[in-house]
Every structure is written in C-alpha cells, then in structure tokens.
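Here is how the chains run, residue by residue.
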Amino acid sequence: MILRAQFPSLFLHSSRFNVVLACMLAMAPMAARRCVAQANASPYAFHNTLMPQPSSLEAGSGHFMLTADFAAATDKSHDERLDEAIERGMKRLAFETGLQFSTQPTAGAAAQFLISVDGPGEAVQSVDENESYSLTVTEQGVHLSAATDVGVMRGLATLEQLVQNDGERYFLPAVSIQDTPRFRWRGLMLDCSRHFEPISVIKRTLDGMEAVKLNVFHWHLTDDQGFRIQSKVFPLLTQLGSNGQFYTQEQAKEIVAYARARGIRVVPEFDMPGHTSSWMVGYPELASAAGPFHIQTGFGVFDPVMDPTRESTYRFLDKFVGEMAAIFPDQYMHIGGDENNGVEWKQNAQIQAFMRAHDMTTTAELQAYFNQKLEKILEKHGKRMIGWDEVLTPNLPASVTIQSWRGYEALAQAARQGHDGILSSGYYLDHMMPASTYYQVDPIPAGSTLDATERGRILGGEACMWGEYVDAEVVDSRIWPRAAAIAERLWSPQSVDNVDDMYRRLRVESLRLEALGMTQISQEDASLRTLAGRQEIAPLQVLAATLEPVDFGVRGAYSEAHHVTTQSPLDHVIDALRPDPPFRHRFSMLVEAYLKSPRGRSPQEAKLRALFEQWIAVEPRVEELMAHSPLLAEANPRPAQLAELGGIGMEALTYLSTGQAAPAGWRASQLAAIDAAEAPVALTRFDVLDPLRSMVNAVEESPGAPPVQ
Ligand code: ACM
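Cut-off values and rules
- Residues numbered from 1 in each chain as written.
- Predicted model: local features only at pLDDT ≥ 70, side-chain atom pairs only at ≥ 80, totals over all residues.
- Heavy atoms only, no water.
- Phe/Tyr/Trp six-rings, centres within 6.5 Å; stacked < 30°, edge-to-face > 60°.
- Helix = DSSP H or I, 4+ residues; strand = E, 2+ residues; numbered from the N terminus.
- Buried < 20%, exposed > 50% of the residue type's maximum accessible area, 1.4 Å probe, protein only.
- Lys NZ or Arg CZ within 6 Å of the ring centre and 35° of its normal.
- pLDDT = per-residue confidence, 0-100.
- Contact = heavy atoms within 4.5 Å.
- Expected span 1.5 Å × (residues − 1).
- 1 Å grid on protein atoms, 1.4 Å probe; cavity = no way out; pocket = protein on both sides within 12 Å on 5 of 7 lines; lining within 4 Å.
- Points joined across faces, edges and corners; volume = space filled by probe spheres on them.
- Nonpolar A, V, L, I, M, F, W, Y, C, P; charged D, E, K, R; others polar.
- Pairing = 2+ DSSP bridges.
- Axes fitted to C-alpha atoms, helices over the stretch in contact; angles between N-to-C directions.
- Parallel < 35°, antiparallel > 145°, perpendicular 65-115°, else oblique.
- Core = buried A, V, L, I, M, F, W, Y, C linked by side-chain atoms within 4.5 Å.

Observations regarding the packing of aromatic side chains
1) Next: All chains considered together, the criterion is met by 30 aromatic pairs.
2) Next: Ring centres of phenylalanine 70 and phenylalanine 113 lie 5.7 Å apart, and the angle between their planes is 10°; this geometry places the pair in the stacked category. Taken together, the residues phenylalanine 70 in the loop between strand E1 (56-65) and strand E2 (72-74) and phenylalanine 113 in strand E4 (residues 113-117) connect sequence positions 43 residues apart.
3) Next: Here phenylalanine 113 falls in the buried class, since its relative accessible area comes to 0%.
4) Next: Note on phenylalanine 227 and phenylalanine 320: the rings are 5.8 Å apart at their centroids and 70° apart in plane angle, and the pair reads as edge-to-face. Here phenylalanine 320 lies in helix H9 (residues 311-327) and phenylalanine 227 lies in strand E11 (residues 226-227), a separation of 93 residues in the sequence.
5) Next: Here phenylalanine 320 falls in the buried class, since its relative accessible area comes to 0%.
6) Next: By the ring-pair criterion, three or more aromatic residues cluster together here, those being Phe196, Phe217, Trp219, Phe227, Phe234, Tyr247, Phe270, Trp279, Tyr283, Phe316, Phe320 and Phe328.
7) Next: Cation over ring: arginine 489 sits above tyrosine 439, and NZ or CZ is 4.5 Å from the ring centre.

So this is what it looks like as structure tokens:
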C-alpha cells in the first residue's frame with residue numbers, strides 16, 4: 001500500500017474555545033467589538049458565516065433589504081464570462097431568497113447591485129491572476145469592484161454567504177470588504193484513476209471549489225489502475241488501459257471551460273515514470289520489463305516503470321505531451337514522479353549498463369535524467385513542469401515546481417534551492433483527519449526559517465483526494481466540507497486560526513455546499529437507508545453521528561489483508577459514514593462547556609443527559625435493523641458499545657452534578673471500557689471517546705480500596 005506522509009507533529013496543537021471571541025476572531029479588533037455589540041442589539045446585526053474569511057472586513061450599520069427589484073449592472077468592462085458568472089450568482093441569490101428578480105446583468109445602467117470591473121483578466125488564467133475584489137453593502141445597494149472577472153467571481157461567492165434574514169425577509173448586512181488571497185495556488189487534487197469519477201461529479205466539485213475560492217483543479221488522470229484521458233495519437237492508452245472508463249477529449253475541454261468560467265485552472269497530471277501500469281497494457285514498448293502488463297486492481301506501489309534509457313520513450317512522450325498541451329491550456333503540466341521503486345531498472349541489464357555508462361549509481365539519478373529530458377519536452381510544448389517531491393534533485397532546472405507530499409521540510413528545501421512549491425503534506429483528505437487538523441497546517445508555518453525570497457516561492461497548497469476508496473456516491477463526503485477549511489487556510493490571513501469559529505462557520509458552509517449540489521450530508525442518510533433497507537433510520541442516525549471512518553493507515557492495512565481492490569463495492573458502513581461528522585466537535589464543545597461548572601442543573605447537563613439516554617435507548621432498535629441487514633451487522637457490537645458509553649456518561653453526570661464521589665476504582669473501570677471501544681469495528685471509530693474520558697476524569701473518587709467486582 002502507499003504509505004503517504006503522516007502529519008508532522010509540529011502541526012498538531014490543540015485550540016481552546018472562547019465564546020466571546022468566537023464571533024469575529026478573524027477580524028480586526030475594532031470590527032470584532034462592533035460585531036459582538038451588534039449581535040445582541042438587532043436582528044439586522046452582521047452574523048459572520050463567511051468561509052473563507054476575507055482579508056479585511058468592516059461591519060457597518062444598517063442593512064440592504066433584498067426584494068424583487070434587485071438587479072445587477074456592469075458599469076465598466078464586461079464580457080460573456082463575466083455576464084454568465086453574474087447570472088449564475090444572481091440565480092443562486094434568487095434561489096437562496098425565493099425572490100423572483102431579474103438575474104441577467106445589464107450593461108451601464110444604474111442598478112441596486114453595481115459591478116465595476118477593469119477588464120476580463122488573463123486569456124489563460126495564470127498563478128498570478130488578480131483575484132482581489134472589494135464589496136460594499138450599504139442601505140442603498142451593493143457595489144462589487146475588481147480588476148478582473150475572476151475577482152468578481154470571488155466577490156460573488158462572498159456576497160452569497162452574506163445573505164441573512166430577519167425571520168420574514170432576506171437582507172444583506174452593511175459591510176465593507178477588501179479581500180485578496182494570501183496564497184496564489186489554492187488547489188484540490190482529485191484522483192480519477194483508481195476510481196473513475198463521472199463528469200457530473202467533476203462539475204459539482206468545481207462548483208464547490210468556486211464557492212470556497214479554490215482556484216486549481218489538479219486532475220490526476222493516469223495511474224496504475226486506469227488511464228482516464230483519451231489520446232487520439234495513442235488510442236490503446238484508453239482502449240486497453242481504462243476499463244472503458246475515461247474522459248474523451250471533448251469532455252476534458254468541457255471541464256477546462258467549466259472551470260475557467262469559475263476562475264479555476266485545470267492542471268492535468270500524467271504520473272510517470274512510475275505509476276504507469278495502465279500505459280503499458282497498450283504500449284509495452286514504454287516499459288522497463290518484458291510484461292505482459294495489466295491494469296492494476298490493487299493499491300500501493302507497483303514495479304512497472306518507463307524505460308528512460310530509450311529515445312523511443314521520449315519520442316512517444318513528445319507526441320503525447322503535445323497532444324495533451326492542446327487540450328489543457330494551463331501553463332503547468334504535472335508529471336507525477338512519485339513512488340518509483342526502481343525495481344525494474346535494477347533488474348534490466350541494458351538499463352544497468354546505461355547507468356554505468358553515465359556514471360549513475362542510484363535509480364534516483366536515472367529518474368533525474370528522465371526528468372530533465374521530460375522537462376525539455378514540456379518546455380517545447382510551452383508547459384512548466386510540476387512534480388511530487390521525489391523529482392527534487394540538485395540539478396533539476398529551477399523552473400520546475402515541487403508539490404510536497406512527504407513532509408513540510410521537502411517544500412522548504414525546494415524553496416531554498418530556488419524552486420516554487422506547493423504544500424500537500426498535511427492536506428491529504430483520504431487520511432480522514434478532522435478539519436481542525438488540516439486547518440492547522442500552514443504552507444509557511446510560524447517559525448519558518450525561510451527568508452522573504454524563499455517564502456515568495458511558496459505558491460500555496462492543495463488538498464488531495466486520492467481515489468482508493470471513493471466513488472461517485474461517497475466522494476463528496478470525503479472532500480466536503482473539510483476542503484473548505486483548507487481553502488480558508490490558503491485564502492485567509494494566517495491570523496485567522498480559531499478552530500471553534502471555523503467549525504461554527506463550516507457547519508453553515510456545508511449546508512450551502514449541499515444547496516449547490518454536493519451530497520456530503522444527504523448521502524450519509526441515503527446510504528444508511530440502503531444499508532438498513534428501511535426509510536425510517538432515526539436510531540441508526542444516532543449511532544452514525546458518533547462514528548466515523550478509520551484513518552487511511554488502518555483502512556490500508558485492512559485492504560491489503562482482505563484483498564480489497566478497485567472492484568470492491570464501497571457499500572459498507574464505513575462508506576456511509578462521514579469523516580469528522582459535525583457531532584464530533586459539537587459534543588466536545590458541549591462537554592467542555594459542561595465541565596466548566598458541572599454542579600447543579602444546567603442546560604448543558606440536560607442536553608448531555610438527553611444524549612446519553614438516547615445512546616442507551618437506540619441499542620435494541622439498531623440491533624433490530626442489523627438483524628435484517630448483514631452489511632449493517634458488520635458494525636456489531638457498536639450499538640451495545642454506544643449504550644455502554646451512554647451508561648458511563650449518565651453515571652459521570654450524576655457524580656459531577658451532585659458533587660458525590662464515586663467509589664474507589666470507578667474511574668479506572670470506566671476508562672477501561674472507553675479504551676475497549678477505541679478498537680476499530682468494521683473500519684469505524686467512535687468520535688466521542690475523548691470528551692467522555694474528560695468527564696470520567698473529572699469525577700472525584702472516595703479514598704479507600706476499590707470494591708470487589
Ligand atoms: C503520493 O501520495 N504518492 C503523491
């Protein structure tokens with residue numbers, strides 16, 4: 001299996017909840033005070049749910065009421081792309097508010113929503129595209145101004161997030177926003193090789209990206225498990241290397257256009273010289289071993305690797321890159337370069353002779369030779385090369401950009417060597433970490449020793465969605481809403497770092513993303529219904545809220561032991577569950593608030609008691625569902641464990657609320673039961689154990705010997 005980078009412990013620190021500051025920590029101190037004051041004052045107070053937070057925001061007084069008269073006009077430059085973006089934004093606003101206003105912008109006319117743009121922006125959006133905008137809402141109307149169409153798109157995304165209501169009508173709070181991204185490269189990588197994702201999934205992913213201001217769609221199109229882009233020059237690449245699931249060139253162009261319309265660049269990745277089994281099924285002459293070759297169905301690192309010693313390999317790649325360069329206009333082309341194990345190079349006598357003749361002692365040197373020749377081919381076709389951090393060798397041309405997946409230090413090293421770089425280490429969504437973990441990973445962390453020039457080379461970062469365990473049904477819940485937390489890290493000022501406030505806004509953003517077509521919330525229920533074979537799944541929802549998928553390492557080990565492949569159905573309990581379900585953070589905040597003053601009756605105590613009662617009550621009902629669903633029953637004994645955890649919670653509540661001491665040994669036995677629930681069951685893990693431990697640990701025990709059990 002692929003052992004992808006673990007998170008450097010440097011990034012793992014906890015954050016404390018602060019109710020007063022949660023509202024506006026992201027803002028300047030003045031604005032924060034104003035927000036808190038207004039929050040108590042008026043139904044029209046600004047309620048900040050923006051995600052990502054803008055670089056500067058001043059909440060004004062008053063509001064702008066949205067009515068059927070709402071209309072948009074452009075008073076400076078406008079073109080088809082801008083008009084379409086405005087119309088899309090206006091349609092979403094109409095949908096959000098139920099108002100039937102005109103959604104098409106007019107040119108030059110006065111309107112309640114005035115959009116002033118200097119020009120369209122770059123013909124091919126580059127990493128330097130100007131995405132800044134300013135947005136002002138007053139009682140009189142809305143003014144959005146930007147240098148480019150893309151800046152307007154970013155401002156429209158913010159405007160949609162500003163909509164509030166007073167219980168009867170929708171309005172925009174008075175605000176003045178000046179916004180500019182912290183990083184220029186804010187990407188999402190989607191692996192469509194291990195599992196193919198239909199065009200509809202790609203499009204809704206791009207819609208979600210636009211909503212949270214991500215600007216690079218890194219499309220991982222080729223790998224051992226499938227070659228997913230049609231080549232007309234080399235038709236066997238897909239005919240024999242794709243299981244019939246691939247994107248035609250027309251579809252790829254459609255995606256490029258769809259992304260451009262949303263201010264998103266498309267960077268294709270053709271992973272080589274390793275991860276290339278699918279190329280060799282149709283074109284074994286590329287290979288370093290005799291074959292025969294087949295599309296891999298398992299996961300991990302495989303031996304097939306291109307032969308870098310033959311000129312015919314480069315003639316092939318020259319034609320292929322030329323063909324792809326015409327489909328993907330972005331300045332960058334990703335050549336992968338990761339995880340070449342060098343096995344076939346070591347076993348091939350001709351390749352070994354080549355290495356000796358060129359004074360190469362390691363396969364890494366041979367790969368560096370390959371990279372240099374490939375870089376010239378890319379340059380010939382007008383492309384800048386980007387590769388995973390394995391491509392970083394001392395003689396790599398400085399123009400090559402490094403995408404770091406193995407650790408932050410590789411990125412820093414690349415910057416010191418003069419390379420641009422983007423960070424993905426710490427942003428692997430398939431690792432199933434909570435949003436808070438990703439949120440605390442920074443492309444330029446506090447304490448970075450890079451100088452100003454080197455820091456300038458850190459272009460940004462990319463969330464990575466590897467495709468071992470994602471199909472069209474489950475992929476949304478693996479990307480969203482956690483990618484929105486990464487989007488904020490990459491767009492917003494570094495000082496925007498309050499985890500609790502991020503979760504408060506992420507819950508709202510997740511609903512907005514669903515309204516845009518993502519399915520991360522609804523799919524869980526749909527999958528649970530399918531698993532249960534019942535429409536009524538309330539008890540199952542109670543259990544599901546407390547569970548999440550195990551991390552990538554645990555699932556990978558299981559997959560290897562049980563021969564899980566690309567053909568294995570993703571229809572198990574783990575596939576239904578969402579990583580970092582909203583309940584996880586809510587429960588932890590509730591326990592934290594309760595433990596601040598546990599004595600007596602409090603709203604927190606009542607809520608916790610109700611929850612624990614529910615955990616106990618659902619056990620027989622979930623077990624009854626399991627009795628009729630072998631797939632669901634894989635998660636046994638989770639219902640009994642949840643009931644036991646509920647019992648522990650109830651006892652802790654009783655001791656804490658009354659101030660009574662528990663018998664000696666009580667804590668140890670409860671903690672042992674909680675520890676026992678830690679073990680994965682059907683690849684699920686409980687997301688409530690740490691707060692429960694805090695409750696148990698807060699209980700006083702009477703001195704004396706533990707009672708005999
Ligand atoms: C990678 O995770 N092998 C880039």
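Now, onward.
Concerning the confidence of the model for the protein
1) Next: The pLDDT averaged across the protein works out to 93; a share of 94% of its residues lies at or above 70.
2) Next: Segment residues 1-40: pLDDT under 50, and 79 contacts once partners within four positions in sequence are set aside and those in other chains are kept.

Thoughts on helix H4 (residues 149-162)
1) Next: Its 14 residues give H4 an end-to-end C-alpha distance of 20 Å, which sits within 8% of 20 Å, the value for a rise of 1.5 Å per residue.
2) Next: Counted residue by residue, H4 has 14 buried out of 14 residues, so it is predominantly covered.

Here's the deal with the layout of surface pockets
1) Next: The computed volume of the second largest pocket comes to approximately 380 Å³.
2) Next: Where the lining of the second largest pocket is concerned, the elements lending two or more residues are helix H3 (80-97), H4, helix H5 (199-211) and helix H18 (499-516).
3) Next: Residues belonging to the lining of the second largest pocket are distributed by class as follows: seven nonpolar, one polar and seven charged.

Quick word on empty space enclosed by the protein
1) Next: Evaluated as defined, the whole model comprises five cavities of 30 Å³ or more.
2) Next: As a volume, the largest cavity reaches approximately 80 Å³.
3) Next: Lining the largest cavity, in full, are Asp430, Met432, Met465, Trp466, Tyr469, Val470, Arg478, Pro549, Val550, Phe552, Arg555 and Ile574.
4) Next: Among the residues forming the lining of the largest cavity, the class breakdown is nine nonpolar, no polar and three charged.

Observations concerning the pairing of strand E12 (residues 265-270)
1) Next: Most of E12 sits out of view: six of its six residues are buried.
2) Next: Direction of pairing for strand E10 (residues 216-223) relative to E12: parallel, over a ladder of six bridges. Note on E12: the bridge partner recorded for histidine 220 is glutamate 269.

Describing the packing of H3 against H4
1) Next: Taken N-terminus to C-terminus, the directions of H3 and H4 make an angle of 5°; their axes are 10 Å apart at the nearest point. The orientation of H3 relative to H4 falls into the category roughly parallel. Here Arg81, Leu82, Ala85, Ile86, Gly89, Arg92, Leu93 and Glu96 of H3 lie close against H4, whose contacting residues are Asp149, Val150, Val152, Met153, Leu156, Leu159 and Glu160.
2) Next: For the contact of H3 with H4, the residue count by class is nine nonpolar, one polar and five charged.

Overview of the nonpolar core
1) Next: With 103 residues, the main nonpolar core has Trp219, Phe270, Trp279 and Phe328 as its most contacted residues.
2) Next: Broken down by element, this core gets its largest block of residues, seven residues, from H9.
3) Next: Aside from chain neighbours lying at most four places away, what touches tryptophan 219 is Leu190, Cys192, Ile202, Tyr247, Ala252, Ile255, Val266, Val267, Pro268, Glu269 and Phe328.
4) Next: In this structure, Ile537, Phe583, Leu632 and Trp666 belong to the second largest nonpolar core, which totals 47 residues.

Considering the environment of leucine 692
1) Next: You can see leucine 692 is positioned in helix H28 (residues 689-698).
2) Next: Residues leucine 692 and valine 127, spaced 565 residues apart in sequence, show a C-alpha to C-alpha distance of 46 Å.
3) Next: Not counting the four nearest positions on each side in its chain, leucine 692 is found in contact with Phe587, Phe612, Trp615, Leu645, Gly649 and Ile674.

Some words on unusual backbone geometry
1) Next: Here the bond from glycine 291 into proline 292 is cis, since omega is 5°, no more than 30 degrees from zero.
2) Next: Of note, proline 292 is situated in the loop between helix H8 (277-282) and H9.
3) Next: A cis amide bond links tryptophan 480 to the next residue, proline 481, at an omega of 0°.
4) Next: Position of proline 481 relative to the elements: it lies in the loop between helix H16 (475-479) and helix H17 (482-491).
5) Next: Here the phi dihedral of lysine 213 falls at roughly 70°; this positive angle occurs in a residue that is not glycine.
6) Next: Lysine 213 sits in the buried class, given a relative accessible area of 0%.
7) Next: Phi at histidine 275 takes a positive value of approximately 55°, unusual for a residue other than glycine.
8) Next: You can see histidine 275 is positioned in the loop between E12 and H8.
9) Next: The class of histidine 275 is buried, set by a relative accessible area of 2%.

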